[in-house]
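The residues making up each chain are set out below.
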Amino acid sequence: MVSVPARTKKVMIVGDGAVGSAYAHSLVTLDIADEIGIIDLDRAKAHADALDLRHAVPYAPVAAKKIYAADYADCADADIVAITANAPAAQFDGEFDRLRLLSKNVAMMTSITRSVMGSGFRGIFLVVSNPVDVLTHVVAAASGLPTSRVIGTGTLVETSRMRTIIADYIDVHPGNVHGYVLGEHGDSAFTAWSNVSIGSLPIRQWMRHNAGTYGIAPFDELDHRVRQIGFEIYRGKGNTSFGVAGGLARITTAVLRDEHVILPVSAYVDDAYGLSDVYLGVPAVIGRDGVRELVHLYLDDDELASYARSAEILRTGYESVRDTVG
Ligand SMILES: NC(=O)c1ccc[n+]([C@@H]2O[C@H](COP(=O)([O-])OP(=O)(O)OC[C@H]3O[C@@H](n4cnc5c(N)ncnc54)[C@H](O)[C@@H]3O)[C@@H](O)[C@H]2O)c1
């Protein structure tokens, strides 16, 4: 193994499936982490992925890295533990409702969290496993860490899909589409159109200005497409991986470089937007200590009602497992 600088950026990944391995690849090729440990029930697969990833280093313009199949003891001094595991029984069953995975994944998440905390870990948890909002709440409760240090990918992936769909629709770069999808990573997610802009121009004005080109803007249809496109990907290849792994890599960079960047993650909301005691998609300022603060957008009444609906669904989901978390 190569030697790495004394102050390494160390990330542990628990769950080396489609998402975990795509994330690991981003950590290597984008030079985000110096040390990457991979934990999976299937240790041989974790070892094979670690070897394979190491072979991506010589041809990439990146620093040398330590990459290996890891044990929970290796989490002790990690900056980040990302949980991308999925219990073998927790597969989509045709219904494509992420909350249906809850009963299958909750015991796994509690057990993983306790194993990580048993190492003495005091870093930041990033959670991807579905249903991500409820499971992020579970990890926060089971770890005993401050909620600011436990973050889910939330509506980061829907936001990326929205930006891409709008960019395609009006033919601009997705980087010039600003705004967020909020709420549950799931069926009740909603695009906060009141805050979406193209460059700095509010999208509703853009659409009005260009009514000759677009006619009446089909906001509901576009919003529906944002929620459904993940299932189109899932039907085609059996998982979704690159989009969420890209979002996870983005949060990782924000933490490791203490960026104070604003991202729509699953964060703990208490007394904001009329919501309390719930993890859900919300724009938050992210840095080395996790969530520094939430961003308080001005939403219209319909959007606040959609937020309340998402929160109610997620609170009910969490209440159904709260006792098992302890
Ligand atoms: N939040 C999002 O936006 C988003 C997007 C895509 C996928 N997901 C979720 O991410 C999770 C992973 O998806 P995937 O496609 O990579 O799944 P996958 O089935 O390809 O991989 C899951 C991996 O977890 C491992 N695993 C299972 N139990 C474990 C345990 N107790 N400890 C360690 N490893 C364990 C399995 O061996 C497997 O390698 C799923 O829950 C999926 O629904 C979330």
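What you are looking at is a predicted structure, and each value in this text was computed from that prediction instead of being measured.

Conventions adopted
Residues numbered from 1 in each chain as written. Predicted model: local features only at pLDDT ≥ 70, side-chain atom pairs only at ≥ 80, totals over all residues. Heavy atoms only, no water. Helix = DSSP H or I, 4+ residues; strand = E, 2+ residues; numbered from the N terminus. Rg over C-alpha atoms; globule rule 2.2 N^0.38 Å. Buried < 20%, exposed > 50% of the residue type's maximum accessible area, 1.4 Å probe, protein only. Contact = heavy atoms within 4.5 Å. Areas by Shrake-Rupley, 256 points an atom, 1.4 Å probe, with all protein chains shown as cover. Lys, Arg positive; Asp, Glu negative; His and termini not counted. Charge placed at Lys NZ, Arg CZ, Asp CG, Glu CD. Pairing = 2+ DSSP bridges. Expected span 1.5 Å × (residues − 1). Salt bridge = Lys/Arg side-chain N within 4 Å of Asp/Glu carboxyl O. Domains from an automatic or database assignment. Polar contact = N/O pair within 3.5 Å; in protein donor to acceptor, adjacent residues only side chain to side chain. Core = buried A, V, L, I, M, F, W, Y, C linked by side-chain atoms within 4.5 Å.

**Here's the deal with the overall build of the chain**
A tally of regular secondary structure across the chain gives eleven helices and 14 strands. For 326 residues, the compact-globule formula gives about 20 Å, and the C-alpha radius of gyration of the chain, at 20 Å, lands near that figure. Structurally, the chain occupies a C-alpha span of about 60 × 50 × 40 Å along its principal axes. The buried share among the 326 residues of the chain stands at 54%. Within the chain, contacts between residues at least 6 apart in sequence are counted, and of these 70% link residues at least 24 apart. Carbon and sulfur atoms make up 51% of the accessible area of the chain, which amounts to about 14,100 Å² in all. Where the 29 positive side-chain charges of the chain centre and where its 39 negative ones centre are 4 Å apart.

**Looking at the pairing of strand β5 (residues 124–127)**
For a regular strand, the rule is simple: side chains alternate between the two faces of the sheet. Residues I124 and L126 of β5 are buried on one face, and the alternating residues F125 and V127, pointing to the opposite face, are buried as well. With four bridges connecting them, strand β4 (residues 80–83) and β5 associate as parallel partners. Bridge pairing in β5 places I83 opposite V127. Here three bridges tie β5 to strand β6 (residues 150–152), and the two strands are oriented parallel to one another. The residue bridging L126 from the neighbouring strand is I151, located in β6.

**As for the sheet that holds strand β11 (residues 201–202)**
Ordered by their spatial adjacency, three strands build an open sheet running β7-β10-β11, and the pairing between neighbours is antiparallel. The open sheet has two free edges, formed respectively by β7 (177–178) and β11, since each of these has just one partner strand. With two bridges joining them, strand β10 (residues 197–198) and β11 adopt antiparallel strand pairing. Bridge pairing in β11 links I198 to L201.

**A look at helix α4 (residues 132–143)**
With twelve residues, α4 extends 16 Å between its outermost C-alpha atoms, agreeing within 8% with the 16 Å of an ideal straight helix rising 1.5 Å per residue. In terms of burial, α4 is a largely internal element, eleven of the twelve residues being buried. Among all positions of α4, only V132, D133, V134, L135, T136, H137, V138, V139, A140, A142 and S143 are buried. The positive-phi residue at the C-terminal boundary of α4 is G144, with phi of around 75°.

**As for the side chain of T252**
Among the structural elements, T252 can be located in helix α9 (residues 242–256). Among the residues examined, T252 registers a relative accessible area of 0% and is labelled buried. Contact partners of T252, with chain neighbours within four places excluded, come to V11, Y23, L27, I32, I80 and L126.

**Quick notes on the pattern of salt bridges**
Applying the stated criterion across every chain yields a total of 14 salt bridges. Between D223 and R227 there is a salt bridge, with its nearest N and O atoms 3.1 Å apart. Of this pair, D223 and R227 both sit in helix α8 (residues 219–237), four residues apart, roughly one helical turn. E259 is the partner of R250 in a salt bridge, and the nearest nitrogen-oxygen pair spans 2.7 Å. Relative accessible area serves as the criterion here: at 32%, E259 is assigned to the partly exposed category.

**Topic: the domain arrangement of the chain**
Entries for the chain in the domain assignment read domain 1 (10–152) and domain 2 (156–325). The C-alpha-based centres of domain 1 and domain 2 are spaced at 22 Å. Counting residues at the interface gives 43 residues for domain 1, matched by 44 residues for domain 2. Joining domain 1 to domain 2, the criterion identifies two salt bridges. Close ionic contact of D79 with R288 constitutes a salt bridge, the shortest N to O distance being 3.5 Å. At the junction of domain 1 and domain 2, the tally comes to eight residue pairs in polar contact (both at pLDDT 80 or more). At the level of secondary structure, the elements contributing two or more residues to the side of domain 1 that touches domain 2 comprise α1 (18–29), β4, α3 (102–118), β5, α4 and β6.

**Quick look at α1**
Because the α-helix completes a turn every 3.6 residues, residues three or four places apart line up on one side. Between the first and last C-alpha of α1 there are 17 Å, a value that for twelve residues agrees with the 16 Å anticipated at 1.5 Å per step. Listing the buried residues of α1 in full gives V19, G20, A22, Y23, A24, S26, L27 and V28. D31 sits one or two positions beyond α1 and adopts a positive phi of about 60°.

**Some details on the nonpolar core**
Among the nonpolar cores identified, the biggest contains 95 residues, and Y23, V81, F125, L126, I286 and Y307 are the most heavily contacted of them. For this core, the element with the highest residue contribution is α9, accounting for eight residues. Taken domain by domain, the makeup of this core includes at least three residues from each of domain 1 (10–152) and domain 2 (156–325). Leave out the neighbours within four places in its chain, and I286 touches I151, I251, A254, V255, E259, H260, V261, L263, V265 and V291. Counting residues in each nonpolar core, the second largest holds 18 residues, with A167, V177, V181 and M207 among its members.

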